[in-house]
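Below are the chains, spelled out letter by letter.
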Amino acid sequence: MDTHIRFWGTRGSIPTPGSWTRIYGGNTSCVEVRFGATLFICDAGSGIRELGKDIIARDPRPTELHLFISHTHWDHIQGFPFFMPAYSKDMRIRVYGNSKDDDSRYRLLSGQMSSDHFPVSFGELGAEIDFDYFEGGEKIIDGVLVRTFALNHPGGCFGYSFEKHGTKIVYATDTELEPRPGEKFPPDGSDEALRYVSEPMVHAVRGADLLIMDAQYDDAQYATRRGWGHSSCLSAVDLAAKAGVKKLALFHHDPESSDLHIDSLVNQSAARAARRDPNLIVFGAREGLELTL
Ligand SMILES: [Zn+2]
Ligand SMILES: [Zn+2]
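In this report, the structure presented in the accompanying data block is examined. Going along each chain's sequence as written, the residues are numbered from 1 onward. Following the order in which they are written, the chains are lettered starting with A and the ligands numbered starting with 1. Per-residue local features are limited, in this predicted model, to residues with pLDDT of at least 70; the limit for side-chain atom pairs, both in listing and counting, is 80 or more; totals at the level of whole chains, interfaces and linings are taken over all residues. Side-chain measures were taken over the full set of non-hydrogen atoms in the model, leaving aside hydrogen atoms and water.

With respect to the overall build of the chain
Part 1 of the argument: Where helices and strands are cited, they refer to DSSP runs of H or I of at least four residues and of E of at least two residues respectively, numbered from the N terminus. Across its full length, the chain holds six helices and 14 strands.
Part 2 of the argument: Restricting the calculation to C-alpha atoms gives the radius of gyration, and the globule rule supplies 2.2 Å times the number of residues raised to the power 0.38. Taking 2.2 N^0.38 as the reference for a compact globule, 293 residues should give roughly 19 Å; the C-alpha atoms of the chain span a radius of gyration of 18 Å, in line with that estimate.
Part 3 of the argument: Along the first, second and third principal axes, the C-alpha atoms of the chain reach 55 × 40 × 35 Å.
Part 4 of the argument: Only protein chains enter the calculation, and the probe is 1.4 Å; a residue is then buried if its accessible area is under 20% of its type maximum, exposed if over 50%, and partly exposed in between. Relative to its 293 residues, the chain shows a buried fraction of 57%.
Part 5 of the argument: Pairs at least 24 residues apart make up 70% of the contacts formed inside the chain by residues separated by at least 6 positions.
Part 6 of the argument: By element, 52% of the accessible surface of the chain is carried by carbon and sulfur atoms, the whole surface being about 12100 Å².
Part 7 of the argument: The charge count treats Lys and Arg as positive and Asp and Glu as negative. His and the chain ends do not count. We put the charge of a Lys on NZ, of an Arg on CZ, of an Asp on CG and of a Glu on CD. With 31 positive and 41 negative side-chain charges, the chain shows a separation of 2 Å between the mean positions of the two kinds. Any two residues whose heavy atoms approach within 4.5 Å at even a single point are treated as in contact. Areas reported as accessible are Shrake-Rupley estimates using a 1.4 Å probe. Residue values count occlusion only from the protein chains shown.

So, in structure tokens, the structure goes:
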């Protein structure tokens, strides 16, 4: 059984349409992960609008969707009011929290559709939208083992891993891998030293066939934005190499990054990967890119 991944939105913070973002795309975070007929959606940034149109046009049309929201910063929920399947009476959408009491995702998805923000209320949506949650950090959905793990981001954020028949996909956006303020960066002052990566993070992504990872900055950008909850692409490479990841997708591009700048992040990262682990493949997540594993 093949696993399909499609990037519908790869940008962080705010949609950035423009001639200079045409290659990597301007829509905010949304990734589709399909194991056979089971359809997982990671985040509901503005990219989910195009995904919704595609789902409605599919034959056969899926009737059940599983939606995982990393956190409720606006760039991860703002597309939901424009997600056509939510208006369809024959659709069931399950939205997941990280514990029984954590209905924040459901609450914020519906809250942004209050009349102050949007003309159609959440209650008027045609789909059956249920709240579900993880117990002990994991859940089996249609035979796929889904795990959730905490990330380092202001206000909190969660990553998700999906595993079936030996294929593992990890979605880990909006996280700062580097040491906390006050600690040295890079660790011994040299760029070539292997960077600190936390053991729980290595454990969560270990052996992934594909790691979709926050890599918003290069080192120079990161130096002026410490504590903002995003990573340097070079730290993402060190994590991937340490954890034996096979493919690393640089994700959550900065709204100020042009296609050319992202190309330079990819080149720097690929060069570092070649020194760290020659088998590690690094690429920039690009809107419309589809992978089959
Ligand atoms: Zn974000
Ligand atoms: Zn965020």
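A word on the side chain of Asp 102
Part 1 of the argument: Position of Asp 102 among the secondary structure elements: in the loop between β5 (92-97) and α2 (104-111).
Part 2 of the argument: Residue Asp 102 is classed as buried on the basis of its relative accessible area of 16%.
Part 3 of the argument: Under the rule applied, a polar contact is a pair of N or O atoms within 3.5 Å (in protein, one hydrogen donor and one hydrogen acceptor; residues adjacent in sequence only if both atoms are side-chain atoms). Within the local environment of Asp 102, its side chain forms a polar contact with the backbone nitrogen of Asn 98, the two atoms lying 3.0 Å apart.
Part 4 of the argument: A polar atom in the side chain of Asp 102 sits 3.2 Å from the side chain of Arg 105.
Part 5 of the argument: Excluding residues within four positions of it along the chain, Asp 102 makes contact with Gly 97 and Phe 131.

Here's the deal with the sheet that holds strand β2 (residues 30-35)
Each strand in a sheet pairs with another by means of backbone hydrogen bonds, the pair being arranged parallel or else antiparallel.
Part 1 of the argument: Strand pairing is assigned whenever DSSP identifies at least 2 bridges connecting the two strands. Taking strand neighbours across the sheet as the criterion, the seven strands line up as β6-β5-β4-β3-β2-β1-β14 in an open arrangement whose pairing is mixed. The outermost strands of the open sheet, each flanked by one partner alone, are β6 (128-133) and β14 (290-292). Direction aside, the axes of adjacent strands within the sheet are offset by 20° on average.
Part 2 of the argument: Strand direction decides the pairing type here: strand β3 (residues 38-42) and strand β4 (residues 64-68), joined by three bridges, are parallel. Structural elements are reduced to axes, namely lines fitted to C-alpha atoms, with helices fitted over the stretch in contact, and the angle between N-to-C directions of any two is expressed from 0 to 180 degrees.

A closer look at the pairing of β6
Part 1 of the argument: Sheet topology note: the β5/β6 ladder contains six bridges and is parallel. The partner of Ile 93 across the bridge, within β6, is Ile 129.
Part 2 of the argument: Seen with the strands pointing away from the viewer, any crossover whose path from the first strand over the helix to the second strand runs clockwise is right-handed. The parallel pair β5 and β6, bridged by α2, forms a crossover whose chirality is right-handed.

A word on the environment of Thr 72
Part 1 of the argument: Among the structural elements, Thr 72 can be located in the loop between β4 and β5.
Part 2 of the argument: A relative accessible area of 25% places Thr 72 in the partly exposed class.
Part 3 of the argument: Distance from Thr 72 to Ile 41, taken between C-alpha atoms, is 15 Å for residues 31 residues apart in sequence.
Part 4 of the argument: If we ignore the near neighbours within four places in the chain, the residues touching Thr 72 are Ile 77, Ser 104, Arg 105 and Leu 108.

Focus: the sheet that holds strand β9 (residues 157-164)
Part 1 of the argument: What the seven strands build is an open sheet, ordered β7-β8-β9-β10-β11-β12-β13; its pairing is mixed. The outermost strands of the open sheet, each flanked by one partner alone, are β7 (138-141) and β13 (281-284). Taking each pair of neighbouring strands and ignoring which way they run, the sheet shows an average axis angle of 20°.
Part 2 of the argument: Packed onto the sheet, helix α5 (residues 233-242) meets β11 (210-214) and β12 (247-251) and runs at close to 150° relative to β11.
Part 3 of the argument: Across the face of the sheet, helix α6 (residues 259-276) comes into contact with β12 and β13 while running at roughly 175° to β13.

Digging into the nonpolar core
Burial of nonpolar side chains together is a common tendency in soluble globular proteins.
Part 1 of the argument: Here, the term nonpolar core denotes a set of buried Ala, Val, Leu, Ile, Met, Phe, Trp, Tyr and Cys residues that are joined through side-chain atoms within 4.5 Å. Core analysis: the largest hydrophobic core is formed by 33 residues, its most contacted members being Met 201, Val 205, Leu 211, Met 213, Leu 239, Leu 248 and Leu 280.
Part 2 of the argument: Elements represented by at least two residues in this core include exactly β8 (144-151), β10 (167-172), α3 (199-205), β11, α5, β12 and α6.
Part 3 of the argument: In terms of residue count, the dominant contributor to this core is α5 (seven residues).

Observations regarding the coordination of the zinc ion (ligand 1)
Part 1 of the argument: The donor definition counts N, O and S atoms within 2.8 Å of each metal and applies 3.2 Å to Na, K and Ca; water is not among these atoms, so some sites may look incomplete. The zinc ion (ligand 1) binds to the protein through Asp 75 (OD), His 76 (NE2), Asp 174 (OD) and His 252 (NE2), with metal-donor distances spanning 2.1 to 2.3 Å.
Part 2 of the argument: Sites are called tetrahedral only when four donors show all angles between 85 and 135 degrees, square planar or octahedral only when four or six donors show opposite pairs over 155 degrees and all other angles between 65 and 115, and irregular in any remaining case. Given four donor atoms and angles of 92 to 164° at the metal, the environment of the zinc ion (ligand 1) is assigned as irregular.
Part 3 of the argument: If you look at the zinc ion (ligand 1) and the zinc ion (ligand 2), they sit 3.6 Å from each other and are both ligated by Asp 174. Taken together, the residues span a long stretch of sequence, with Asp 174 in the loop between β10 and α3 and His 252 in the loop between β12 and α6 at a distance of 78 residues.

Overview of the coordination of the zinc ion (ligand 2)
Part 1 of the argument: Protein-derived coordination of the zinc ion (ligand 2) comes from His 71 (NE2), His 73 (ND1), His 153 (NE2) and Asp 174 (OD), at a distance range of 2.1 to 2.4 Å.
Part 2 of the argument: On the primary sequence, the residues serving as donors to the zinc ion (ligand 2) are separated as H-x1-H-x79-H-x20-D.
Part 3 of the argument: For His 73, a relative accessible area of 34% translates into the label partly exposed.

Distances and angles like these do not, on their own, reveal function.
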